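Reading the structure
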Amino acid sequence: GGIEGTSNVGGIAGYNAGTIGSETVCTNNASVTASSYVGGICGRNTSTGSVYGKNTGSITASSYYSGGVVGYNAGTINNSSSNTGTITSTSYSVGGICGYNISGGIIGGSNTGAVKGTYNVGGVCGRNDGQIVSGTSGNDILIEATAESSYVGGICGYNSGKMIASTTRSTG
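Residues numbered from 1 in each chain as written. Predicted model: local features only at pLDDT ≥ 70, side-chain atom pairs only at ≥ 80, totals over all residues. Heavy atoms only, no water.

Notes on the sheet that holds strand β14 (residues 76-77)
Pairing in this open sheet of six strands is parallel, and the strands run β4-β9-β14-β19-β24-β29 from one edge to the other. Edge positions in the open sheet fall to β4 (19-20) and β29 (162-164), since each of these has one partner strand only. Where strand β24 (residues 131-133) lies against β29, three bridges are found, and the strand directions are parallel. Each residue of the ladder has a partner; that of Q131, found in β29, is K162. (Pairing = 2+ DSSP bridges. Helix = DSSP H or I, 4+ residues; strand = E, 2+ residues; numbered from the N terminus.)

Quick word on the pattern of salt bridges
What the rule picks out here adds up to one salt bridge. In this structure, the salt-bridge partner of D129 is R127, at a minimum N-O distance of 3.3 Å. Accessibility expressed as a relative area gives 23% for D129, which makes it partly exposed. (Salt bridge = Lys/Arg side-chain N within 4 Å of Asp/Glu carboxyl O. Buried < 20%, exposed > 50% of the residue type's maximum accessible area, 1.4 Å probe, protein only.)

Quick look at the sheet that holds strand β21 (residues 115-117)
As summarised here, the arrangement of the six strands in space is β1-β6-β11-β16-β21-β26, forming an open sheet in which the pairing is parallel. Both edges of this open sheet fall to β1 (3-4) and β26 (143-145), since each of them pairs with a single strand only. Pairing between strand β16 (residues 87-89) and β21: two bridges, direction parallel. The residue of β21 that forms the bridge with I87 is V115.

Next comes the structure, spelled out in structure tokens:
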């Protein structure tokens, strides 16, 4: 069984304005399917939200903002957060940790799951207008965009924010 909904759907919470997890992370192992604002831990993380999450389940979205940990982030995704699940979307802003980081911070998230969308597709974040610090993507994962005018990156597909000390690893 999995978790299904329309919008603001997550493996732990659909909408977060508080704290999910701590130094001991919350883990989602279920598949999560939704239209938009979909994440392995939470669909939408507000400016007061803080997430410590690990996702191993597959994420499937038919619209925008899908991520392995958080779909849409205005808060903080903390350094113990990670994703190993596959993220597949037929739309944009798709990332291994976060789909769209509008104003928040991704602090040290790690992704080893495949990521696929139309454009703004990244190993850590699909679109970043906030800050990514020490994000890691790697181990020969597939990061794929299907649109002709697409933005694809090992860390971030489209960045208008700030990225510090992030790493993409590949052995091929």
